[in-house]
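One-letter residues, chain by chain:
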Amino acid sequence: MKATSHLQRPNRSLQVYAAVFLVVLYLPVLLIPLFAFNDSIYVRFPLRGFTTQWFVELWNRQPAWNAFWNSIRVGLTVAVISTVLGIVAAKAITRYRMPGRTALVTFIMMPLVIPGIIFGVALLVLLSRMGVPLSLYTVTLGHLIVCLPFAVATLLPRFEGFDRSMEEASADLGENGWWTFWRVTFPMVFPGVVASLLLTFTISFDEFIMAFFLTGTDPTLPIYIWSQLRFPQQFPSILALASLVLFFSIPLIFIAIWVGRLGVSQSSEGTAES
Amino acid sequence: MTGSSAFISVRSVSKAFGRFLAIDNVSMDIAQGEFFSLLGASGCGKTTLLRMLAGFESTTRGEIFIDGQPMSPVPPHHRPVNMVFQNYAIFPHLNVRDNIAYGLRKQRLPRARRHEMVEEMLELIKLPGFGTRKANELSGGQRQRIALARALILRPKVLLLDEPLGALDKQLREQMQLELRALQRKVGITFVFVTHDQEEALTLSDRIAVMQGGQVLQVDTPAGLYESPNSRSVASFIGNMNFFRGTVRRNGAANAIIETEGLGAIPVPDSRFARPDGAAVQVALRPEKFAISPTKPDAVHAVQGRLANSAYLGERSHFYITIEGRGEPIAVSAPNHNRFVANAGSHAEDTPLWLSWSSDAIVVLDPE
Ligand SMILES: Nc1ncnc2c1ncn2[C@@H]1O[C@H](COP(=O)(O)OP(=O)(O)O)[C@@H](O)[C@H]1O
Ligand SMILES: [Mg+2]
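Starting afresh in each chain, residues are numbered from 1 along the sequence in its written order. By the order in which they are written, chains take letters starting at A while ligands take numbers starting at 1. With pLDDT at 70 or above as the cut-off, local features in this predicted model cover only qualifying residues; side-chain atom pairs require 80 or more to be listed or tallied, and sums for whole chains, interfaces and linings still use all residues. For side-chain calculations, the full set of non-hydrogen atoms in the structure is used, while hydrogens and water are omitted.

Tell me about the interface of chain B and chain A, and name the residues and values.
The interface of chain B with chain A comprises 23 residues on the first partner and 20 residues on the second. Of all residues in chain B, His-77, Tyr-102 and Arg-105 of chain B give up the largest surface area on contact with chain A, accounting jointly for 31% of the area buried on that side. Each reported salt bridge corresponds to a side-chain nitrogen of Lys or Arg within 4 Å of a carboxyl oxygen of Asp or Glu. Taken together, chain B and chain A are joined by two salt bridges. Salt-bridge contacts for Glu-175 of chain A lead to Arg-105 of chain B; the nearest nitrogen and oxygen are separated by 2.6 Å. Any N or O atom pair separated by 3.5 Å or less is treated as a polar contact, with the protein-specific requirement of one donor-capable and one acceptor-capable atom, and with residues adjacent in sequence counted only for side-chain atom pairs. One can count 10 residue pairs in polar contact (both at pLDDT 80 or more) joining chain B with chain A. Of all the elements in the fold, those that place two or more residues in the side of chain B that touches chain A are α1 (46-54), β6 (81-84) and α4 (140-152) of chain B. If one sorts the elements of the side of chain B that touches chain A by residue count, β6 of chain B sits on top with three residues. Any pair of residues with heavy atoms lying within 4.5 Å of one another is described as a contacting pair. Buried area is calculated as the accessible area (1.4 Å probe) missing from two parts once they are joined, with the contributions of both summed. Numbering goes from the N terminus for both helices and strands, where a helix is a DSSP run of H or I of at least four residues and a strand is a run of E of at least two.

Could you give an account of the sheet that holds strand β11 (residues 242-249) of chain B, naming the residues involved and the relevant values?
Residues and elements named next belong to chain B. Here, a strand pair is defined by DSSP locating no fewer than two bridges between the strands. Taking strand neighbours across the sheet as the criterion, the five strands line up as β13-β12-β11-β14-β20 in an open arrangement whose pairing is antiparallel. Edge positions in the open sheet fall to β13 (264-267) and β20 (363-365), since each of these has one partner strand only. Along the sheet, successive strands turn relative to each other by an average axial angle of 40 degrees, direction set aside. Lines are fitted to the C-alpha atoms to define the axes, a helix being fitted only along its stretch in contact, and any angle between axes, read from their N-to-C directions, falls within 0 to 180 degrees.

How would you summarise the environment of Ile-257 of chain B if you had to cite specific residues and measurements?
Mapped onto the fold, Ile-257 of chain B is located in strand β12 (residues 257-260). With near-sequence residues (within four places) excluded, Ile-257 of chain B lies in contact with Thr-247, Val-248, Arg-249, Ala-265, Ile-266, Pro-267 and Val-268 of chain B.

Run through the packing of aromatic side chains, naming residues and quoting values.
Pairs were defined over the aromatic rings of Phe, Tyr and Trp, the Trp ring being its six-membered one, requiring ring centres within 6.5 Å. Orientation was assigned from the angle between planes: stacked under 30 degrees, edge-to-face over 60, tilted for the rest. For the coordinates displayed, the defined rule picks out 23 aromatic pairs over all chains. With a centroid separation of 6.0 Å and 45 degrees between ring planes, the pair formed by Phe-181 of chain A and Phe-186 of chain A is classed as tilted. A relative accessible area of 15% means that Phe-181 of chain A is categorised as buried. Here the aromatic residues Trp-59, Trp-65, Phe-68, Trp-69, Phe-201 and Phe-205 of chain A are joined through ring pairs into a cluster of three or more. Lying over the aromatic face of Phe-91 of chain B, Arg-150 of chain B brings its terminal NZ or CZ to 4.7 Å of the ring centre. Relative accessibility thresholds used throughout: buried, under 20% of the residue-type maximum; exposed, over 50%; partly exposed, between the two (1.4 Å probe, protein chains only). In this scheme, the term charge over a ring applies when either NZ of a lysine or CZ of an arginine sits within 6 Å of the ring centre and within 35 degrees of the ring normal.

Go over the pairing of strand β1 (residues 6-17) of chain B with me, naming the residues and quoting the values.
All names here are of chain B. Both β1 and strand β2 (residues 20-31) contribute to a ladder of eight bridges, which runs antiparallel. What sits directly across from Val-13, in β2, is Val-26. In this antiparallel pair of consecutive strands, β1 and β2, the connection spans two residues, and Gly-18 shows a positive phi of 65 degrees. Inspection of the sheet shows β1 paired to strand β4 (residues 61-66) by five bridges, in the antiparallel sense. Among the inter-strand pairings, Val-10 is bridged to a residue of β4, identified as Ile-64.

Written out as structure tokens, the structure reads:
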């Protein structure tokens, strides 16, 4: 402990840097809820007074509700499908000694680094060539591409951290692959599955670029927000909507990260001991 | 062990990982109810061979038969064997009872009957009342027993154990060795036990296969391995051994003698000994086969030497003795039942003394 303590000593300049970084990053975001409660349709200082009228207005707006339910439906579908695909991919990557493993991982992770606009345009061209009409299904497809890398990245450490002899022990005790998956593998990676569901749902719910290219007549919530920006008198209730989205998706992401880590430190201690 | 009584029969089995041959043409037979050990240094292929018996590794060449059935087409979950893993592989998300009952699902027993069987197993492994403990609330020794119970509850024909005592401290390990041996006698199941600890193998086993570099050097009882090792590797792996260069002399007589470096002529005890006159051999003698005395003993085979070093170990003493005609000192181990030996520590270096041995204690091996 003594020998490493200089590494743990607080570093003043690093702390200042971190604080400045966070303020610059999140200050604009904090302005959104601030103006959502401001009693003026103009977004400017000084603040005019506290009101909840924009939230009431939002509540009574049917198109906003439609867009909300569209995003929920797409988000749930994307969460389930990308998590299932993520489980299959993570299991394949960690369990089988196969050639081209690294290439496969790189391929799956590619959408993280390729700009969404490129994927969006490419998919749009492809789908229109194939004569597929744009709809919530095409949005779902686009979101799957965006979310799959996150699902795999969340699940992979779970599968990697898990002792292969657990599955062998199950086979040894007479269970085939199917039962071994449900009785051993799935319960052990379950926190990762929950984390992946939460994370992919949130990403899909907030996603704009893919949806922008692939939405048909039914908008998702971000598309709806964007479409309303043209109308100044709508703007405060859009701010109200944006602050609601913020309010719910940030905790969801934190829960996802927390659940994803559940038991990981414990199980790594367990293997270190043996 | 004749082929017909073999319960497990390993026939010319090899296993290659890429170009590396982890198991090299191994054959052995294991009888029903036997406590059989695979002994060898780390990396010699013990785990690989055990995993091939369990079905987790395929055989590159050869075939394994269990109870007369060829095993290559049989997947692990259909083999009549169960394994205790080196790290025990206790399921962390299940409590002790569900861990032990894990393999019972297919038998579709009523819940009460299942609990009863688990309780019986907990009794057997001396952990009664542990059923509802969580997997992470167990010590190493308890995990080891639960892994054992989880396998034994299925009444397998063969239990495979991969260094199950390796992770335990010395005292617990010795206690578990006794319990394991008693348990094996009680349940009558064939045990195939992997260890790198020669003492453990000698204590527990009916028979031992000594392995090195993927090959089996010798399969024999503990006494057989100790008293008549078939090679220098086996001889030095099991206990300590002194080796002497020697030459066979027949001189027309029926029984050969061996002209041994530093020890003179020793008649060969084995009448089937067939090496020709002039053949180079190695003579091996265990440290405790020498007797030590201050004056010339009344023995046929004796030689005078000088004390190079000694150590008093309580019940016995170790000596290193130099003799004429041999550069390396001879290791001698003697029980402390005479005054001369017991005072080992007080003898000055270079004290002259006598070594004697009996000709039937020698083991004749091929030259290096
Ligand atoms: N899956 C594998 N791939 C490649 N080499 C392996 C594999 N499993 C074991 N080996 C090699 O085979 C040899 C024997 O290993 P192992 O059977 O585990 O030895 P032991 O249990 O006697 O210590 C070692 O050199 C090890 O590196
Ligand atoms: Mg091993």
